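Here is how the chains run, residue by residue.
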Amino acid sequence: MSERKVLNKYYPPDFDPSKIPRMKLAKNRQYTVRLMAPFNMRCATCGEYIYKGKKFNARKEDVENEDYLGIRIYRFYIKCTRCLQEISFKTDPKNTDYEIEAGATRNFMALKLAEEQAKREEEEQKEEEANNPMKLLEYRTEQSRQEIEQLENLEELKELNRRQQAVDYEGMLRQYQPETVEERKAREEKEDNDFIKSVKFNNCSKKVVAEEIIEDVIDEDEPPSKCSRIESLTQKTSNKSDSIKKHSWNRSVGGLITKPALANLVKSKKPESAETSKVTTESLSKSNNATESNTKSTKDKPASGLSLLAGYSSSDSSDS
C-alpha cells in the first residue's frame, strides 16, 4: 500500500528490461474504460431512457477495416441500467459526433436534424440549377437584387454617419459635466465684479477731502482770531494738567520736602544781627514743629529715601 501513490519506483542496478518475457495478447483486444453517454438514447428492449452524461463502465475496441483520413475509429459497449441489454455505438470523426449501432435508438435532436435538412436542401438546389437553366437565371436575378438592396442600406448608413460627425458630442457632454474648482472660482469672481458695477450709490453723502496745512500769520494790530483762541485754550489745559500731575506727585511723596528746609541747606552762613537771629530762631522752631508733625504722620507709613533726607537736614539745622 505504500507504493500506491509513488510515481518513480525503484529499479536495481542489475535490472535488464530485455529479460522480461513478453505477453502474447490478442490483436483486437478489448479494454475497460469509464465514459459518459454521448447523447440521449432509449433502450430498444425495455424502453428505458438513458440521458446524456450518464457514466458507464464500457468496453472499448478498434473498428477493423474502418478509418477516416487515417483517424482510427473506436467502438464502445455499454449495458442498459434496467434490463442489462448491451448497447453499442462508435465514433464518427467525419461529423465530430457519435453514431449508434445496436441495442438502442437515438432521441430527437433538433440541431442535428436542422443541419441535415439544410444540407439536403442545398444539394437539391445545386442539382436543380445544373439541370434547369431558368431556375439558375431566377436565382442569379434574386442574388443581384439582394446585392443592390445591401448597397442601398450601406449608403444610408454612411450618410447617417456623416450627419453624426457634424454634431459636437464633446461640447454637449461638456455642458452637463461638473465645472472644476478653478472655473467655479473664476465664475464667482466675475459675478461679484458685475454685481459691484451694477450697484448705484444714490444716497452717498460722504466725500473724501484732501487735508491741507494752512499757517496763519497773526498781526499784533488785528484782533485775536479763532485759531489764537484755540491755542490759548490748549495752553491753559496743558498748564492745568501739569499742575494736577505735580499735586498728585506731592501727595504720593507725602509733602515731606518743604522749601524752608531745602533753603537752609543751600544758603551760606553770614554774620547776623539780633533781629535777624530772632527771625531765624522762630523760623527754625516752626520748621522743627513741621518736621515733627511730618515724622509723626510718616511713622505709620514705610520710610523712604526722601523722608530720611528731610530728617537729616532738620537735624543739621537744629544743631546749628
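Per an unreviewed UniProt entry, the protein is named Splicing factor YJU2, and its organism is Bombyx mandarina. A UniProt comment under Subcellular location (unreviewed entry) is attached to the protein, and it reads "Nucleus". Word for word, the UniProt comment on the protein under Subunit (unreviewed entry) is "Component of the spliceosome. Present in the activated B complex, the catalytically activated B* complex which catalyzes the branching, the catalytic step 1 C complex catalyzing the exon ligation, and the postcatalytic P complex containing the ligated exons (mRNA) and the excised lariat intron."

## What about the overall build of the protein?
Regarding its fold elements, the protein presents eight helices and eight strands. Looking at the protein as a whole, 11% of its 320 residues are labelled buried. Taking all contacts inside the protein whose residues are at least 6 apart in sequence as the whole, residues at least 24 apart take part in 41%. A total of about 29,300 Å² of accessible surface is found on the protein, and carbon and sulfur atoms cover 53% of it.

## Digging into the UniProt feature "binding site: Zn(2+)" (unreviewed entry) in the protein
Taking the numbering used here, the UniProt-annotated feature "binding site: Zn(2+)" (unreviewed entry) corresponds to Cys43, Cys46, Cys80 and Cys83. In three dimensions, the annotated residues from a span of 41 residues occupy one location, with a maximal C-alpha spread of 8.8 Å. Relative to the helices and strands, Cys46 is located in the loop between strand E2 (41-43) and strand E3 (49-50). Excluding its chain neighbours within four sequence positions, the residues that come into contact with Cys46 are Cys80, Arg82 and Cys83. Locating Cys83 in the fold gives a position in the loop between strand E5 (71-79) and strand E6 (86-92).

## With respect to the sheet that holds E2
Reading across from one edge, E3-E2-E8 is the order of the three strands in this open sheet, with antiparallel pairing throughout. Both outer strands of the open sheet, E3 and strand E8 (104-106), are each paired with one neighbouring strand and no more. With three bridges joining them, E2 and E8 adopt antiparallel strand pairing. Among the inter-strand pairings, Cys43 is bridged to a residue of E8, identified as Ala104.

## Considerations on a negative patch on the surface
Residues Glu121, Glu123, Glu124 and Glu127 make up a contiguous surface patch of negative charge. Assignment of secondary structure puts Glu124 in helix H1 (residues 110-131).

## Quick look at the pattern of salt bridges
One pass over the structure, following the stated rule, counts 15 salt bridges. Glu48 is paired through a salt bridge with Arg82; the nearest N and O atoms lie 3.8 Å apart. Note that Glu48 is positioned in the loop between E2 and E3 and Arg82 in the loop between E5 and E6, a separation of 34 residues in sequence. Overall, Arg82 belongs to the exposed group, its relative accessible area being 57%. In this structure, Arg145 engages Glu149 in a salt bridge whose closest nitrogen and oxygen atoms are separated by 3.0 Å. Taken together, the residues Arg145 and Glu149, both in helix H2 (residues 133-166) and four residues apart, mark about one turn of the helix. Among the ionic contacts, a cluster of salt bridges with common partners joins Glu61, Glu66, Arg75, Lys90 and Glu101.

## Observations concerning the side chain of Arg75
Along the chain, Arg75 turns up in strand E5. Engagement of the side chain of Arg75 in a polar contact is seen with the side chain of Glu101, the distance being 2.8 Å. Excluding its chain neighbours within four sequence positions, the residues that come into contact with Arg75 are Arg59, Lys60, Glu61, Val63, Phe89, Lys90 and Glu101.

## A look at the nonpolar core
With 14 residues, the main nonpolar core has Leu35, Met41, Ile50, Ile78, Ile87 and Phe89 as its most contacted residues. Of all the elements in the fold, those that place two or more residues in this core are E2, strand E4 (55-68), E5 and E6. If sequence neighbours within four positions are ignored, Ile87 has contacts with Met41, Ile50, Phe76, Tyr77, Ile78, Cys80, Ile100, Ala102, Gly103 and Ala104.

## Regarding the packing of H1 against H2
Where H1 meets H2, the axes come as close as 5 Å, and the angle between the chain directions of the two elements is 115 degrees. Regarding H1 and H2, the two cross each other, and that crossing is left-handed. Listed contacts from H2 to Gln125, Glu128, Glu129 and Asn131 of H1 are Pro133, Lys135, Leu136 and Tyr139. Here the residues of the contact of H1 with H2 are counted per class, giving three nonpolar, two polar and three charged.

## Concerning the packing of aromatic side chains
This structure, assessed with the given rule, holds four aromatic pairs. Taken together, Phe39, Phe76, Phe89 and Tyr98 form an aromatic cluster joined through their ring pairs. Residue placement shows Lys60 over the ring face of Tyr74; its charged tip is 4.9 Å from the ring centre. Sitting over the ring of Phe39, Arg106 keeps its end group 4.3 Å from the ring centre.

Conventions adopted
- Residues numbered from 1 in each chain as written.
- Predicted model: local features only at pLDDT ≥ 70, side-chain atom pairs only at ≥ 80, totals over all residues.
- Heavy atoms only, no water.
- UniProt positions renumbered as here; feature names shortened; annotations may be inferred.
- Helix = DSSP H or I, 4+ residues; strand = E, 2+ residues; numbered from the N terminus.
- Buried < 20%, exposed > 50% of the residue type's maximum accessible area, 1.4 Å probe, protein only.
- Contact = heavy atoms within 4.5 Å.
- Areas by Shrake-Rupley, 256 points an atom, 1.4 Å probe, with all protein chains shown as cover.
- Pairing = 2+ DSSP bridges.
- Patch = residues over 30% accessible without salt bridge, like charges linked within 9 Å, V, L, I, M, F, W, Y side chains within 5 Å.
- Salt bridge = Lys/Arg side-chain N within 4 Å of Asp/Glu carboxyl O.
- Lys, Arg positive; Asp, Glu negative; His and termini not counted.
- Charge placed at Lys NZ, Arg CZ, Asp CG, Glu CD.
- Polar contact = N/O pair within 3.5 Å; in protein donor to acceptor, adjacent residues only side chain to side chain.
- Core = buried A, V, L, I, M, F, W, Y, C linked by side-chain atoms within 4.5 Å.
- Axes fitted to C-alpha atoms, helices over the stretch in contact; angles between N-to-C directions.
- Left-handed = near helix turned anticlockwise from the far one by under 90°.
- Nonpolar A, V, L, I, M, F, W, Y, C, P; charged D, E, K, R; others polar.
- Phe/Tyr/Trp six-rings, centres within 6.5 Å; stacked < 30°, edge-to-face > 60°.
- Lys NZ or Arg CZ within 6 Å of the ring centre and 35° of its normal.

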